[in-house]
Amino acid sequence: MSADRVYALLLRCYPARFRNEFGPEMSLVFRDERQAATAAGKGDVAFWMCIALDIIRSAPVQHIEALREWAGSDFQLEGRAVKGFAIVTVLAGLFEAFNASAEGWYGGIAARDGHSLAAAALGAVAGILLVVAGVALLRGARAVATIVQVAAIGCLAAIVLAAAFAPRLSVFSMIVGVAVPVVLLITAYRGRMTRSVA
Amino acid sequence: MPLPPASFEILVALAGGERHGYAIMQEVAERTGGAVRLGPGTLYGSLKRLLADELVVEASGPAKADSGDERRRYYRLTSLGLAVARAEARRMEAMVRAARRKRLLSGNPA
C-alpha cells in the first residue's frame, strides 16, 4: 500500500466535514513533506511518527469543535448518523430490558422480593421505551421527535423509580438507562429529527 | 488574544504575502530553524479557525500555479488578520521587555 494511500486512510480520523474541506490539500502537503523527508534522508519511522503525532494532537480537537458546532446549531442529523445512533439506542434498550429481566428473576422471583421485582419491571419498561425510540428513529416515523422525547422521558422516569425500589440496581444498567435517554433528549430538543434514515 | 502559537506562526508567514499550505509550513520551519514544524492536521486545523475568525481568506494564487495542481489553495491575511498579528507581536515584545528587566533574558533593558 502506498504512503499516499495510507495517509488517505489516516485522514478518516478527522470529522467528515473537515476532511471534505481540507482533505485534498492535506494529502498534497503530506506528499510534499514525504518527498522532502526522503530527499533529506529522514527515516521512515521518524517521518511516520511525526505524522502520527500530528494526527493524535489535531484530530480530537477537530472532533470536539465539530461536536460544539453541532450542539450549538439547529442541526439536522444526517442519515448515517441517525441510523448509527438509532441502532445504539435499540441495542441499549434490548440490553436494559434483558438485564432488568435477569435481575428481576434472580432478585425478585427467586428471592421473593417485591421491591426487586418492581425495579426489574420498571427496568424492562425503560428498555422497551428505548427500543421504541430507536425503532422510531430507524423507520423515520411521523412526529419522530415527539416519540423520542416521550420515550426518553419515560425511560428516565422508569430508571429513577427502579433505582428508588432497588438501590442495588447495577451501575452499568443505570448508566445506560440515564445516558442514552439524556442524549436522545438533547438531540430531540436541539436538533430536528425530520429526516428518515438514508 | 493570546493567539495559539500555531495560529500566530501562520499569520507571520502570511504577512510576507499569500501562500499555499505547504509554503506556510516551509516558511515556519525555516524561520524557526526547524524548532516549529506544523503537521498537516495542525496547519489546517489552525487555518480553519483563522478562516472562521476572518483573519485569513482564500486568495486567488498566482496566475500559473507552481505545482500545476488545482487542489492547492492559497491564503492571505485580511486587514483584521494583519491588525491581530501586529497586536500579538506587540504583546510578545512587551513580555520580552519585562523578561529583560527581570534579567531573565540577556540584552539591555528597554
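Just so it is clear, the structure is predicted and the values come from calculations on it, not from any experiment.

1. Let's talk about the overall build of chain A
Okay, step 1: Each helix and strand counted, chain A has seven helices and zero strands in total.
Okay, step 2: When the elements of chain A are put in sequence order from the N terminus, they spell out α-α-α-α-α-α-α.
Okay, step 3: Counting all 198 residues of chain A, 38% fall into the buried class.
Okay, step 4: Sequence separation of 24 or more characterises 72% of the internal contacts of chain A that already satisfy a separation of 6 or more.
Okay, step 5: Here chain A has roughly 11000 Å² of accessible surface; of this, 67% comes from carbon and sulfur atoms.

2. Brief notes about unusual backbone geometry
All names here are of chain B.
Okay, step 1: The phi dihedral of Glu54 is positive, around 60°, even though this residue is not glycine.
Okay, step 2: Counting through the fold element by element, Glu54 comes out in the loop between helix H3 (40–52) and strand E2 (56–59).
Okay, step 3: In this structure, Arg103 is a non-glycine residue whose phi angle is positive, near 60°.
Okay, step 4: With respect to the secondary-structure elements, Arg103 resides in the segment after helix H4 (79–101).
Okay, step 5: Take Arg103: its relative accessible area is 71%, and that puts it in the exposed class.

3. Quick look at the interface of chain B and chain A
Okay, step 1: Contact with chain B, which involves 17 residues of that partner, is made by 22 residues of chain A.
Okay, step 2: Around 1800 Å² of area is buried between chain B and chain A when both sides are counted, 55% of it from carbon and sulfur atoms.
Okay, step 3: Linking chain B with chain A are four salt bridges.
Okay, step 4: Between A:Glu65 and B:Arg49 there is a salt bridge, with the nearest N and O atoms lying 2.8 Å from each other.
Okay, step 5: Across the contact surface, chain B and chain A share nine residue pairs in polar contact (both at pLDDT 80 or more).

4. Let's talk about the sheet that holds E2(B)
Residues and elements named next belong to chain B.
Okay, step 1: If you walk across this open sheet you meet the three strands as E1-E3-E2, and the pairing is antiparallel. Every other strand in the sheet has two partners, leaving strand E1 (19–20) and E2 as the edge strands with one partner each.
Okay, step 2: Pairing between E1 and strand E3 (residues 74–77): two bridges, direction antiparallel. What sits directly across from His20, in E3, is Tyr74.

5. With respect to the nonpolar core
Okay, step 1: If you look at the biggest cluster of nonpolar residues, it comprises 36 residues, and the most contacted ones within it are A:Met26, B:Ile10, B:Leu11, B:Leu43, B:Tyr44 and B:Val56.
Okay, step 2: Where this core is concerned, the elements lending two or more residues are helix H1 (3–10), helix H2 (16–39) and helix H3 (44–71) of chain A together with helix H1 (5–14), helix H2 (21–31), H3, E3 and H4 of chain B.
Okay, step 3: Dropping the residues within four chain positions of it, B:Leu11 is found in contact with B:Leu3, B:Leu50, B:Leu55, B:Val56, B:Leu77, B:Gly81, B:Val84 and B:Ala85.

6. Structural notes on the packing of H1(B) against H2(B)
Residue and element names in this part refer to chain B.
Okay, step 1: Taken N-terminus to C-terminus, the directions of H1 and H2 make an angle of 100°; their axes are 9 Å apart at the nearest point. The angle between H1 and H2 places the two elements in the roughly perpendicular class. In this structure, H1 contributes Glu9, Ile10, Val12, Ala13 and Leu14 to the contact, and H2 contributes Ile24, Glu27, Val28 and Arg31.
Okay, step 2: A class-by-class count of the residues in the contact of H1 with H2 yields six nonpolar, no polar and three charged.

7. Comments concerning the environment of B:Gly81
Okay, step 1: Tracing the sequence through the fold places B:Gly81 in helix H4.
Okay, step 2: Not counting the four nearest positions on each side in its chain, B:Gly81 is found in contact with B:Leu11 and B:Leu55.

Calculation notes
- Residues numbered from 1 in each chain as written.
- Chains lettered and ligands numbered in written order.
- Predicted model: local features only at pLDDT ≥ 70, side-chain atom pairs only at ≥ 80, totals over all residues.
- Heavy atoms only, no water.
- Helix = DSSP H or I, 4+ residues; strand = E, 2+ residues; numbered from the N terminus.
- Buried < 20%, exposed > 50% of the residue type's maximum accessible area, 1.4 Å probe, protein only.
- Contact = heavy atoms within 4.5 Å.
- Areas by Shrake-Rupley, 256 points an atom, 1.4 Å probe, with all protein chains shown as cover.
- Buried area = accessible area lost by both parts, 1.4 Å probe.
- Salt bridge = Lys/Arg side-chain N within 4 Å of Asp/Glu carboxyl O.
- Polar contact = N/O pair within 3.5 Å; in protein donor to acceptor, adjacent residues only side chain to side chain.
- Pairing = 2+ DSSP bridges.
- Core = buried A, V, L, I, M, F, W, Y, C linked by side-chain atoms within 4.5 Å.
- Axes fitted to C-alpha atoms, helices over the stretch in contact; angles between N-to-C directions.
- Parallel < 35°, antiparallel > 145°, perpendicular 65-115°, else oblique.
- Nonpolar A, V, L, I, M, F, W, Y, C, P; charged D, E, K, R; others polar.

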